[in-house]
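The residues making up each chain are set out below.
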Amino acid sequence: MKALEGKVALVTGAARGIGAGIARCLAAQGARVAILDLALADAEATAATLEAPAIGLEADAADERAMAAAADRVASAFGGIDIMVNNAGGAGSDVELLAMGMPFANVTQRGWDAQLQGNLRTAYAGCKAAIPHLQARGGGAIVNIASIAGLMAMPSVPAYAAAKAGVISLTRSLALELGPSLIRVNAICPGFLWTRAWEFLATLMKQSVPEYRDMAPREIFLDAVTRNTPMGREQTPEDIGHLVAFLGSNGAANITGQEIKVDGGITLNVMR
Ligand SMILES: NC(=O)c1ccc[n+]([C@@H]2O[C@H](COP(=O)([O-])OP(=O)(O)OC[C@H]3O[C@@H](n4cnc5c(N)ncnc54)[C@H](O)[C@@H]3O)[C@@H](O)[C@H]2O)c1
């Protein structure tokens, strides 16, 4: 029997990138999966590729009413929710909304708010929507996708880093509150993955760092991986997905309130 047979998972921001990798790993372990993203067609297209029963849903993960309605839909389609994965987020692809620092004076209130909405309110709304359903099942698991940015000084993206540090703090608070309900709450801190956010960041680095001027964004990303990752290998969405699948399984029955780094050792190092 597969580890997640009989379980139902809802994954936000799962049409592509890390979220899609998480959904693939959950489905491979036998879970039925709801893929939630901003556009229904994208969510349904990814759901159709999974090897277990899956549905696509459209909602803004930062909107608590939309998330409550989405969670209700999952419960009526599959009978309940056992695993909630708050993955939606990212740094975005608009310079002002990215709220880049260095200097900090460049950060605008609009950018600051956008980062907190996209990366912290999403976790709030997802947790709030899922908790009654997890309680109705007598327990379950929440996995919040934070970032190593929430653990380190990140003067180039201070609002994103503050939001991710907030996700880690929320994870601990909810783990304590929900322990007696047998709901485990953990966070994962990924390192560097080649998704849309890094594509945009590497394009900005190409424009601003003289040594990167003649390199393609993808090469710039791989250079950052090589220089900062002791393991030296590029991370995949499945690297994150395998841990989500474990945290959602009964094998992780005594793990709660943790932030787990899946970063090839980046945080052991000094950023170079
Ligand atoms: N890529 C990395 O290097 C990296 C590192 C650490 C943490 N993370 C985190 O991993 C998560 C996934 O990022 P990714 O790199 O796969 O990004 P991505 O841009 O490739 O995918 C993000 C997905 O989430 C969806 N999304 C974004 N905001 C949403 C919202 N409010 N409601 C619903 N859907 C929404 C997007 O439409 C997209 O499909 C994010 O929380 C990000 O901060 C990424």
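What counts, and where the lines are drawn
- Residues numbered from 1 in each chain as written.
- Predicted model: local features only at pLDDT ≥ 70, side-chain atom pairs only at ≥ 80, totals over all residues.
- Heavy atoms only, no water.
- Near = heavy atom within 4 Å.
- Polar contact = N/O pair within 3.5 Å; in protein donor to acceptor, adjacent residues only side chain to side chain.
- Areas by Shrake-Rupley, 256 points an atom, 1.4 Å probe, with all protein chains shown as cover.
- Helix = DSSP H or I, 4+ residues; strand = E, 2+ residues; numbered from the N terminus.
- Phe/Tyr/Trp six-rings, centres within 6.5 Å; stacked < 30°, edge-to-face > 60°.
- Buried < 20%, exposed > 50% of the residue type's maximum accessible area, 1.4 Å probe, protein only.
- Pairing = 2+ DSSP bridges.
- Right-handed = clockwise from strand over helix to strand, strands pointing away.
- Contact = heavy atoms within 4.5 Å.
- Salt bridge = Lys/Arg side-chain N within 4 Å of Asp/Glu carboxyl O.
- Expected span 1.5 Å × (residues − 1).

Draft legend 1. Broad picture of the site of the ligand. Residues in contact with the ligand amount to 27 residues; listed here are only the nearest, R16, D37, Y160, L193 and T195. G191 has a polar backbone atom sitting 3.4 Å from an oxygen atom of the ligand. Between R196 and the ligand, the recorded distance is 3.4 Å, taken from a side-chain N or O atom to an oxygen atom. When the ligand sits alone it has 830 Å² of accessible area, and the protein chains cover 91% of it. Residue assignment for the shell around the ligand shows that the elements contributing at least two residues are α1 (17-28), α5 (109-136), α6 (158-178) and α7 (196-208).

Draft legend 2. Representation of the packing of aromatic side chains in the model. Applying the stated criterion across every chain, the model contains 3 aromatic pairs. Relative to F221, the ring of W198 has its centre 5.1 Å away and its plane inclined at 65 degrees; by these criteria the two rings are edge-to-face. In this pair, W198 sits in helix α7 while F221 sits in helix α8 (residues 217-228), placing the two residues 23 residues apart along the sequence. Like F221, W198 is buried. The rings of F192, W194, W198 and F221 are connected pair by pair, giving a single aromatic cluster.

Draft legend 3. How the structure looks around the pairing of strand β5 (residues 140-145). Of all 6 residues in β5, 6 are buried, a share of seventy percent or more. Both faces of β5 are covered, namely the face carrying G140, I142 and N144 and the face carrying A141, V143 and I145. Taken together, the 4 bridges between strand β4 (residues 83-86) and β5 define a ladder with parallel strand orientation. Counted as the bridge partner of V85 is V143 from β5. Looking at chain direction, β5 and strand β6 (residues 183-190) are connected through 6 bridges and run parallel. Its bridge partner being in β6, I142 is matched across the sheet by V185. Following the backbone out of β5, through α6 and into the adjacent parallel β6, one traces a crossover that is right-handed.

Draft legend 4. Looking closely at the side chain of K164. Following the sequence through the fold, K164 ends up in helix α6. Not counting residues up to four positions away in its chain, the partners in contact with K164 are N119, I145, A146, S147 and G150.

Draft legend 5. Seen up close, the pattern of salt bridges. For the coordinates displayed, the defined rule picks out 9 salt bridges. With its nearest N and O atoms 2.8 Å apart, the salt bridge here joins R137 to D82. Here the residue R137 occupies a position in the loop between α5 and β5, and D82 occupies one in the loop between α3 (64-78) and β4, the gap between them amounting to 55 residues. Exposure remark for R137: the relative accessible area of 34% places this residue in the partly exposed category.

Draft legend 6. Structural detail: helix α9 (residues 237-248). Its 12 residues give α9 an end-to-end C-alpha distance of 16 Å, which sits within 8% of 16 Å, the value for a rise of 1.5 Å per residue. Counting buried positions along α9 gives 9 out of 12 residues, so the element sits mostly inside the fold.

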